[in-house]
Amino acid sequence: MTVPTTAPVARQAVPLAEVVRGDLVESVHLGHLVVLDPAGEARLALGDPATTIWPRSSVKPLQAVAMLRSGLDLPDGLLALAAASHSGDAGHLAGVREILAGAGLDESALRNTPDLPLGAAEALAWQESGRGPERVVQNCSGKHAAMLATCVAAGWDTASYLDTGHPLQAAVRSAVVELTGGDDDGTHGTVDGCGAPLFSTTVLGLARSFGRLAAEASDGGSTDLGRVGRAMAAHPEMVAGRGREDTLVMRAVPGAVAKIGADGVCAAGLPDGSAVAFKILDGANRPRPAILAAALRAAGAAGVPGADPAALDAAGDTPVLGGGRPVGLVRAVLDGALDRETAS
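What counts, and at which threshold
Residues numbered from 1 in each chain as written. Predicted model: local features only at pLDDT ≥ 70, side-chain atom pairs only at ≥ 80, totals over all residues. Heavy atoms only, no water. Helix = DSSP H or I, 4+ residues; strand = E, 2+ residues; numbered from the N terminus. Buried < 20%, exposed > 50% of the residue type's maximum accessible area, 1.4 Å probe, protein only. Contact = heavy atoms within 4.5 Å. Patch = residues over 30% accessible without salt bridge, like charges linked within 9 Å, V, L, I, M, F, W, Y side chains within 5 Å. Areas by Shrake-Rupley, 256 points an atom, 1.4 Å probe, with all protein chains shown as cover. Salt bridge = Lys/Arg side-chain N within 4 Å of Asp/Glu carboxyl O. pLDDT = per-residue confidence, 0-100. Core = buried A, V, L, I, M, F, W, Y, C linked by side-chain atoms within 4.5 Å. Axes fitted to C-alpha atoms, helices over the stretch in contact; angles between N-to-C directions. Parallel < 35°, antiparallel > 145°, perpendicular 65-115°, else oblique. Left-handed = near helix turned anticlockwise from the far one by under 90°. Nonpolar A, V, L, I, M, F, W, Y, C, P; charged D, E, K, R; others polar. Polar contact = N/O pair within 3.5 Å; in protein donor to acceptor, adjacent residues only side chain to side chain. Pairing = 2+ DSSP bridges.

Here's the deal with the overall build of the protein chain
No. 1: Across its full length, the protein chain carries 13 helices and 12 strands.
No. 2: For the C-alpha atoms alone, the extent of the protein chain along its principal axes is close to 55 × 45 × 40 Å.
No. 3: Expressed as a percentage of its 344 residues, the buried residues of the protein chain come to 53%.
No. 4: Look at the contacts in the protein chain between residues 6 or more apart in sequence, and 64% of them connect residues 24 or more apart.

Printed below as a string of structure tokens:
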């Protein structure tokens, strides 16, 4: 299959999901998606997978690889938290504080954007305790704590760790370009919502990096990429949290590695190196679970030894409510496309 060349994000976008209420399609979410086989070739390409995007938090595992390469050393549970967009439960907060304490730091060293916990229940409990937005509960605090610990390990300045010219961020950029197969000269840079530098890639490049992440994790080797993948697969609750789709699919499919990102981005890899990635054009998160589950099925997730296909389906279940009860659903529209691609 030939993957189209790079184009602006809106060009060539196609339907990835439909919102059905009653017996009518109420709305449609467009985007770009790719499913890769174990060799990294596109088995299914919808829209333009060569579109350049901001990967948002889906890039956190690659940032964690850069940290390991720069001297970070954490046990697997905390390494998974370094690659997380956590919900802010007690275990997540304890982990963030443990990373900081191990580097001789405390919460005052964090420079991420103050926020409430990402999880709804966690945010309510936090507010009921009389607390407001804080850096430690913001969903990227594990990554920021690990960035600070990396700076301590490497002997770098901690106060400026978010500066684009900081050696840590140079290492992150290099890792993102390398692991996605990108072009350094064509890589764009900006600032993510948490305040950390963010570097662009393509939907295709993001998928390829997750295929490698999961494959090297399953090989049992000692590469930094494999270490991050194994940590995430072994501790899915640290990567996200209760009821979150990346946690759910990693529980449903042994050895799978998945990570969501803001504005409708997601990527996942399977132990054999198959992978998926997509960008929802309007940035909506509602269709993301349905698309992720369907894309992983197309990649062969149900055939992974020990996989629970029913749990994978449940991870993608997103009901549409009317009067507080289900009256429809969000459904991915990939299956027909896969059938057409296979027939051709």
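From this point on, the discussion continues.
Structural notes on helix α10 (residues 245-252)
No. 1: Counting buried residues in α10 gives six out of eight residues, a clear majority hidden from the surface.
No. 2: Those residues of α10 that sit buried are Glu245, Asp246, Thr247, Val249, Met250 and Ala252.
No. 3: Contacts made by the buried residues of α10 are with α8 (224-234), α9 (236-239), β8 (257-261), α11 (288-299) and α12 (309-315).

Regarding a nonpolar patch on the surface
No. 1: Taken together, Val25, Val28 and Leu30 make up a surface patch of nonpolar side chains, about 200 Å² in accessible area.
No. 2: Mapped onto the elements, Val28 comes out in strand β2 (residues 24-36).

Regarding the confidence of the model for the protein chain
When pLDDT is low, close inspection of the predicted coordinates is not appropriate.
No. 1: Per-residue confidence for the protein chain gives a mean pLDDT of 94; residues scoring 70 or more make up 95%.
No. 2: When the criterion is pLDDT under 50, residues 337-344 qualifies, and its contacts beyond four places in sequence or with other chains add up to nine contacts.

Some words on the nonpolar core
No. 1: Membership of the largest hydrophobic core comes to 103 residues, with the highest contact counts inside it found for Leu33, Val253 and Leu296.
No. 2: A total of nine residues in this core trace back to one element, the largest contributor, which is α11.
No. 3: If we skip the residues at most four places from it in the chain, Val253 touches Leu270, Ala301, Val304, Ala307 and Leu312.

Topic: the pattern of salt bridges
No. 1: Summed over the entire model, instances satisfying the criterion amount to 13 salt bridges.
No. 2: Salt-bridge contacts for Arg21 lead to Glu26; the nearest nitrogen and oxygen are separated by 3.0 Å.
No. 3: Among the residues examined, Arg21 registers a relative accessible area of 34% and is labelled partly exposed.
No. 4: For Glu26, a relative accessible area of 47% corresponds to the partly exposed category.
No. 5: One salt bridge connects Asp73 with Arg227, and the closest N-O pair in it is separated by 3.8 Å. Note that Asp73 is positioned in the loop between α1 (60-69) and α2 (76-82) and Arg227 in helix α8, a separation of 154 residues in sequence.
No. 6: A single network of salt bridges, built from pairs that share partners, joins Arg56, Asp192 and Asp263.

Here's the deal with α1
No. 1: Of all 10 residues in α1, nine are buried; the element is thus mostly enclosed.
No. 2: All buried positions along α1 are accounted for by Lys60, Pro61, Leu62, Gln63, Ala64, Val65, Ala66, Met67 and Leu68.
No. 3: Where α1 terminates, the next one or two residues include Gly71, which has phi positive at roughly 115 degrees.

Things to note about the packing of α1 against helix α6 (residues 167-180)
No. 1: Contact geometry for α1 and α6: axes closest at 8 Å, N-to-C directions at 120 degrees. When the interaxial angle is binned, α1 and α6 end up oblique. With respect to the hand of their crossing, α1 and α6 are arranged in right-handed fashion. Residues Leu62, Gln63, Val65, Ala66, Met67 and Arg69 of α1 lie in contact with α6, whose contacting residues are Leu168, Ala171, Val172, Ala175, Val176, Glu178, Leu179 and Thr180.
No. 2: A class-by-class count of the residues in the contact of α1 with α6 yields 10 nonpolar, two polar and two charged.

Brief notes about the environment of Ser58
No. 1: Checked against the element boundaries, Ser58 lands in the loop between β4 (52-53) and α1.
No. 2: For Ser58, a relative accessible area of 0% translates into the label buried.
No. 3: Considered as a pair, Ser58 and Lys259 are 201 residues apart in the sequence and their alpha carbons are 5.1 Å apart.
No. 4: Ignoring any residue separated from it by four or fewer positions in sequence, one finds Ser58 in contact with Leu206, Phe210, Lys259, Ile260, Gly261, Val265, Cys266 and Ala267.
No. 5: Within the structure, the side chain of Ser58 is placed 2.9 Å from the backbone oxygen of Lys259, a separation counted as a polar contact.
No. 6: A distance of 3.3 Å separates a polar side-chain atom of Ser58 from the backbone nitrogen of Gly261.

Here's the deal with the environment of Thr52
No. 1: Mapping Thr52 onto the fold places it in strand β4.
No. 2: When the C-alpha positions of Thr52 and Gly186 are compared, they lie 9.7 Å apart, and in sequence the two are 134 residues distant.

Examining the pairing of strand β3 (residues 42-46)
The two faces of the sheet receive side chains in turn, since in a regular strand these alternate between them.
No. 1: Counting buried positions along β3 gives four out of five residues, so the element sits mostly inside the fold.
No. 2: Alignment of β2 against β3, held across four bridges, turns out to be antiparallel. Across the sheet, residue Leu33 finds its bridge partner in β3, namely Leu46.
No. 3: Turn length for the β2-β3 hairpin, with the two strands adjacent in sequence and antiparallel, is five residues, and the turn residue Gly40 shows positive phi of about 85 degrees.

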